[in-house]
Every structure is written in structure tokens, then in C-alpha cells.
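What the coordinates show
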Amino acid sequence: MKLILTTDVSGLGTKGKVVDVSNGYGRNYLLPQRLAVKATQGAIRQIEEARRVKDAARRRELDAALSLRRQLSETRIVIAAQVTAEGRLFGSIGVSEVIDAVRSLSQVELERKMISLPAPIKMIGFHQIKITLHSDVEFELVLDVIPA
């Protein structure tokens, strides 16, 4: 019996996969539990079309992330902050300040979850910040903290 899984089924497959199972397993478990539907030609075409649309959307997201990485890697991000005589900042620079600096210098809106800052920045100088724009697009952004 050919069925299309409507949810992930352990040991069988993931949602949207066409599987071939025994008649009893399909009729007595998968169909009554609504874990699968019968694999008609129309249902298979519908699943394939949904998969094509999803793949096209992922490609557009990836292309946008790559373009954004190219744009940000060419931009020098500088933050001016008040410092002590030893070069330590009064306060610190966190994710919010990085977002504001990127927005003001490149007109790019980053989200908090995209920025990986292990600890607040408390010294002047160059700092590497990991930016994750997409699950496949990560890069290091150089942040230059200068005295105000």
C-alpha cells in the first residue's frame, strides 16, 4: 500500500515522503492515526508542487543571505565609545549597539539571534563578531571600537 506521510514517523520517514507499507500497517495504524493519507496521483502531484515551492523559497532566502554577506563584508563597522586612559570602555558594547551600528552604516536590519557575541565588548580595538544570516551562511564581521 502506497501512502504519503502527514507527519514524521520514526523508522518510516519524514512528512511528505511517499512510503510503501503493508496493507495491515497502513489500514490499521497509519490511516486511523492520521499519520498518512493514500498516495493518489493528485496527492503525489500536490506534494511535489509543495516541495518545489519550498525549495524555490529556500534558494531565494540563501541568495538573499549571500548578497547580504557580500554587502556587510565590504562595510567597515565602527563604534565610537567613551574610554578611560587605559583604553577600557565606560560601560560595554553589546548586541543592541552592534545592530544599531550596522543599521546606521549599511542600512541593513539584523536580528538579535543573528549575532553571536560571546561577551560584551569592554576594550577599544578590533573585535571579531560571528554573524549567522542563514543556516548555511555564517561569516566574521570585524567591529572597530574607537575612542569618542
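Structure first, text after, so check above.
Residues numbered from 1 in each chain as written. Predicted model: local features only at pLDDT ≥ 70, side-chain atom pairs only at ≥ 80, totals over all residues. Heavy atoms only, no water.

**Examining the environment of Gly11**
In plain terms, the rule: Labels follow the DSSP assignment, with helices taken as runs of H or I lasting at least four residues and strands as runs of E lasting at least two, numbered in each case from the N terminus. Throughout this description, buried means an accessible area under 20% of the type-specific maximum (1.4 Å probe, protein chains only), exposed means over 50%, and partly exposed covers the range between.
Tracing the backbone through its elements, the reader meets Gly11 in the loop between strand S1 (2–5) and strand S2 (18–20). With relative accessibility at 84%, the residue Gly11 sits in the exposed group. Each C-alpha atom of the pair Gly11 and Val145 lies 52 Å from the other, and the pair is 134 residues apart in sequence.

**Observations regarding the packing of aromatic side chains**
Convention followed: Centres within 6.5 Å are what make two rings of Phe, Tyr or Trp a pair, Trp counting through its six-membered ring; a difference in plane orientation under 30 degrees is then read as stacked, over 60 as edge-to-face, and the rest as tilted.
All chains considered together, the criterion is met by 1 aromatic pair. Ring centres of Tyr25 and Tyr29 lie 5.6 Å apart, and the angle between their planes is 20°; this geometry places the pair in the stacked category. Remark: Tyr29 and Tyr25 occur in helix H1 (residues 23–30); sequence separation between them is 4 residues, near one turn of the helix.

**Some details on the sheet that holds strand S3 (residues 36–38)**
Threshold: Any two strands are treated as partners once DSSP identifies two or more bridges connecting them. A fitted line through C-alpha atoms represents every axis, and for helices the fit uses only the stretch in contact; the resulting angles, taken between N-to-C directions, go from 0 to 180 degrees.
If you trace the 3 strands from one edge of the open sheet to the other, you get S2-S1-S3, paired in antiparallel fashion. A strand with exactly one partner marks an edge of an open sheet, and here the two such strands are S2 and S3. The mean angle between the axes of side-by-side strands here comes to 40°, regardless of whether they run parallel or antiparallel. Two strands pair when backbone bridges link them, and S1 and S2 are joined in this way by 3 bridges, in the antiparallel orientation. Paired with Ile4 across the two strands is Val18, which belongs to S2.

**A closer look at the pairing of strand S9 (residues 137–147)**
Sheet topology places strand S4 (residues 77–81) next to S9; 5 bridges connect them, and they run parallel. The partner of Ile77 across the bridge, within S9, is Leu143. Of the pairings in the sheet, the one linking strand S8 (residues 125–134) to S9 comprises 9 bridges and is antiparallel in character. Among the inter-strand pairings, His134 is bridged to a residue of S9, identified as Val137. Hairpin connection of S8 to S9: 2 residues between the antiparallel strands.

**Observations concerning the environment of Phe126**
Note on placement: Phe126 falls in strand S8. In this structure Phe126 comes out as exposed when scored by relative accessible area, which is 61%.

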